[in-house]
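# Architecture at a glance
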Amino acid sequence: MKSYAHLLEGLTVQRVLWVTVICMVATGMVVGFFINTYLDLLLSALCVGYTSMVLFTVAGNVRQGGLPREAIQIMAVVAGSVLGVIVAGLIKGRDISSMLNERLVGVAISMGLGIGFGCVVVAGAILRAKHARDQARIAKAEAERNQLEKNILEARLQLMQAQVEPHFLFNTLANVQHLVETDAASASRMLDSLINYLRAALPQMREGATSLGREVDMARAFLDIHRVRMGSRLEYLIDVPDSLKARAFPPMMLISLVENAIKHGVDPCCECGTITIRAADNEGRLTVSVADTGEGVRPTSGGGGLGLTNIRERLKALYGPRGSLVLEENTPRGVVASIEVPA
Amino acid sequence: MSASAVIADDEPLLRAMLRTRLARLWPELEVRHEMADGRDVERVIDEHAPDLFFLDIHMPGVNGLEAARTIGSRAHIVFVTAFDQHAVEAFERGAVDYVLKPFNDERLAVTVERLKERLERPPISIDSLVEQLAGRLGSRPADRLRWVKASVGSSVRLIPVEEILFFQSDEKYTRVVTSDSEALIRKPIRELLEELDPDKFWQVHRATIVNVDHIASVKRGLKDQAEIALRDHRETLVVSRAFTHLFKQM
């Protein structure tokens, strides 16, 4: 019994009351066309109404295969009307065979009325359910959009924090501090790089999109700074055609990949490493990649994940499925991270 | 007062600078060795037997905290850091010596004076402070699987586990499914279970591991089973009877 209880789910007191009221109103509307009394008709109407209601409820809960739920519910109402008229006849003590012969016209009229009213009511119920589903879908879409907006906002916030990474700034200044005393020309060059980096990075706190050229300039300044800081351990190569430099590209993603390549690729492997930035036009789509010759990814090495997740989320927010970030193994060693954005 | 020291910093210029400044403020200090990371601490102690270590906290490979743990109470330790609010707070409370980069001569002179006093006494163990700092700086257990390598065409794709929606065994291989791609790996479900973070990745079926962060909803299904719907993915996953208890009361 327990396993069939769900078939009657939705058969509320409210639903029973509604059916009762509808039957009373419907009977009132048609009583003028019959010779029967109001109560006699109401009894028939209630029999038809309740039977249809139960079948309708079951039809709505049954796990059906091919047919749409609405079609099954309409069939349930038709069957309910037929069954209801027969039940009413039995309650009134009439003979079934006479119902199918001399009283057939009356029975057919009762059934027809039941089916007619039933269908109108069911159509209303179906429309209401559809409306509720639509509302739910709208609410869900709204929630998703809100979540997306929240993600974008969070990403932007993290972006702002990432740019003014104090560790980077103070370490760089400490290097400049030393160079000022020992090698003034190098100190001046390093300050130039720092200024270039800050000039490229800072205005982006207020802007949504920027050009690939500017992102590459910033990455170059960043790499110059790290080359001084890491001694002879870092080399870099930038292969970005001039024709692509004016193309729009989201801010701070390239620098994030370069930072990852230094931090998780070249830095830990303690020898010399090379970072290569490449850009290519791929039938209108722009692909920008950062490759390192570092130690590669060990299955358990942490870090990088958060920055990459951040980039993925921003790409999704900006371009949907048309933007992507892919990480691959570099040959013979290291990692290649590629961002692809639509034209 | 004469003493010996070792400087560890991954940035060569910063090692040189600390050395120059120390030479000016503490001429009797002999810097016996420089290192670019915290590896080989044992060997350096054996060979150079320094009284003092200047340890940069952020170094690749073996960082300053890990090196301090190895050194223990065999030498006095001074931490060097560019910026770390948490670390500085901990140092102040733990009365451990530290130096901030960029260096400030006045501040460095204070540290030097304090060090001279402390060298009179044997080094104290700073283990508890180091543990506390390691916690704050977010070191986490390193043995969890964080990346999955999967062949896609001729290249090897690196997939961070956070992006993976679920793993599903498919006869010989294991399917790795993300919101926008799918790959096959050879590692069986059983081995993956041992390596993945058990808080994030749950086995819900003999053949399926799901990333709970990507679950949209769980519905009761047929025959005591349940059905998982995922965010950003059409496929639903079956939770077999043995695992439905995971989702009770949620």
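Quick note: structure is the one above.
Scope of this entry: the structure provided in the associated data block. (Residues numbered from 1 in each chain as written. Chains lettered and ligands numbered in written order. Predicted model: local features only at pLDDT ≥ 70, side-chain atom pairs only at ≥ 80, totals over all residues.)

## Here we look at helix α6 (residues 166-182) of chain A
Along an α-helix, residues three or four apart share an orientation, since each turn contains 3.6 residues. Compared with an ideal rise of 1.5 Å per residue, which puts 17 residues at 24 Å, α6 of chain A spans 24 Å between its outermost C-alpha atoms and is within 8% of the ideal. Of the residues making up α6 of chain A, those classed as buried are Phe168, Asn171, Thr172, Ala174, Asn175, Val176, His178 and Leu179 of chain A. On its buried side, α6 of chain A packs onto α7 (184-201) and α8 (212-229) of chain A together with α1 (12-25) of chain B. (Helix = DSSP H or I, 4+ residues; strand = E, 2+ residues; numbered from the N terminus. Expected span 1.5 Å × (residues − 1). Buried ≥ 20, exposed ≤ 12 C-beta atoms within 10 Å, placed from the backbone. Contact = placed C-beta atoms within 7 Å.)

## Looking at the sheet that holds strand β1 (residues 3-8) of chain B
Residues and elements named next belong to chain B. One open sheet accounts for 5 strands, arranged β2-β1-β3-β4-β5; its pairing is parallel. Strands with a single pairing partner mark the edges of an open sheet, and in this sheet they are β2 (29-35) and β5 (97-100). Adjacent strand axes in the sheet meet at a mean angle of 25 degrees, parallel and antiparallel pairs treated alike. Seen against the sheet, α1 touches β1, β2 and β3 (52-56) and runs at an angle of roughly 175 degrees to β2. (Pairing = 2+ DSSP bridges. Axes fitted to C-alpha atoms, helices over the stretch in contact; angles between N-to-C directions.)

## A short note on unusual backbone geometry
Apart from glycine, the bulk of residues carry a negative phi angle, and the bulk of peptide bonds sit in the trans form. Here the bond from Thr331 of chain A into Pro332 of chain A is cis, since omega is 0 degrees, no more than 30 degrees from zero. One can find Pro332 of chain A in the loop between β6 (324-329) and β7 (335-341). Residues Lys101 of chain B and Pro102 of chain B are joined by a peptide bond in cis, for which omega reads -10 degrees. Here Pro102 of chain B shows up in the loop between β5 and α5 (105-118). We note that Asp40 of chain B has phi near 65 degrees; this positive angle belongs to a residue other than glycine. Looking at the secondary structure, you find Asp40 of chain B in the loop between β2 and α2 (41-48). On the basis of neighbour count, Asp40 of chain B is assigned to the partly exposed category, with 16 C-beta atoms found within 10 Å. Not every positive phi belongs to a glycine, and Asp232 of chain B is a case in point at roughly 60 degrees.

## A closer look at the nonpolar core
Ranked by internal contacts, the top residues of the largest apolar core, which has 111 residues, are Val258 of chain A together with Phe53, Phe54 and Leu55 of chain B. The element that contributes the greatest number of residues to this core is α8 of chain A, accounting for 9 residues. Dropping the residues within four chain positions of it, Val258 of chain A is found in contact with Ala219, Phe222, Leu223, Ile275 and Val290 of chain A. Val19, Phe56, Ala76 and Met111 of chain A belong to the second-largest nonpolar core, a separate cluster that totals 23 residues. (Core = buried A, V, L, I, M, F, W, Y, C linked by C-beta atoms within 7 Å.)

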